[in-house]
Amino acid sequence: MSAPAPMEHHEKMRMRAAAFRATRLYPGPVGELISRELLSWEDFGYRLGGNRMIMDLVHHVLTSQPAAQQTTRSDAA
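The sections below set out a description of the structure shown in this document. Everything numeric here is computed off the predicted structure, so don't read it as measured data.

About the thresholds
- Residues numbered from 1 in each chain as written.
- Predicted model: local features only at pLDDT ≥ 70, side-chain atom pairs only at ≥ 80, totals over all residues.
- Heavy atoms only, no water.
- Helix = DSSP H or I, 4+ residues; strand = E, 2+ residues; numbered from the N terminus.
- Polar contact = N/O pair within 3.5 Å; in protein donor to acceptor, adjacent residues only side chain to side chain.
- Contact = heavy atoms within 4.5 Å.
- Axes fitted to C-alpha atoms, helices over the stretch in contact; angles between N-to-C directions.
- Parallel < 35°, antiparallel > 145°, perpendicular 65-115°, else oblique.
- Left-handed = near helix turned anticlockwise from the far one by under 90°.
- Nonpolar A, V, L, I, M, F, W, Y, C, P; charged D, E, K, R; others polar.

Right, let's get into the side chain of Ser 35. Counting through the fold element by element, Ser 35 comes out in helix α2 (residues 29–43). There is a polar contact of 3.0 Å between the side chain of Ser 35 and the backbone oxygen of Ala 19. Beyond its immediate stretch of four places on either side in the chain, Ser 35 contacts Ala 19, Ala 22 and Thr 23.

Spelled out as structure tokens, the structure:
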């Protein structure tokens, strides 16, 4: 059995962009978890094969629009 081929440069850059954007799209622990997972996958996860779910996640993060920012604070007096 041969070793899996390394990810191509454009795939790595797309994955890094999604990891960076995930923390802005999903602030807090969820975004951090998604970001770390994508960066880990770039480093060594591709060797496991079956990257369909990860690439779907990359596509989702890169194409999703952030929720509208609130213009008023609920705790304002």
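Back to the text.
By the secondary structure assignment, Glu 42 is in helix α2. At a separation of 3.1 Å, a polar atom in the side chain of Glu 42 contacts the side chain of Arg 16. The contact partners of Glu 42, leaving out residues within four places of it in the chain, are Met 7, Lys 12, Met 15 and Arg 16.

Orientation of α2 relative to helix α3 (residues 52–63), taken along the N-to-C sense of each, is 130°, at an axis distance of 11 Å. One way to sum up the angle between α2 and α3 is to call them oblique. Here α2 and α3 pass one another in a crossing that is left-handed. Contacts from Ile 34, Glu 37, Leu 38 and Trp 41 of α2 reach α3 at Ile 54, Leu 57, Val 58 and Val 61. Its residues assigned to classes, the contact of α2 with α3 shows seven nonpolar, no polar and one charged.

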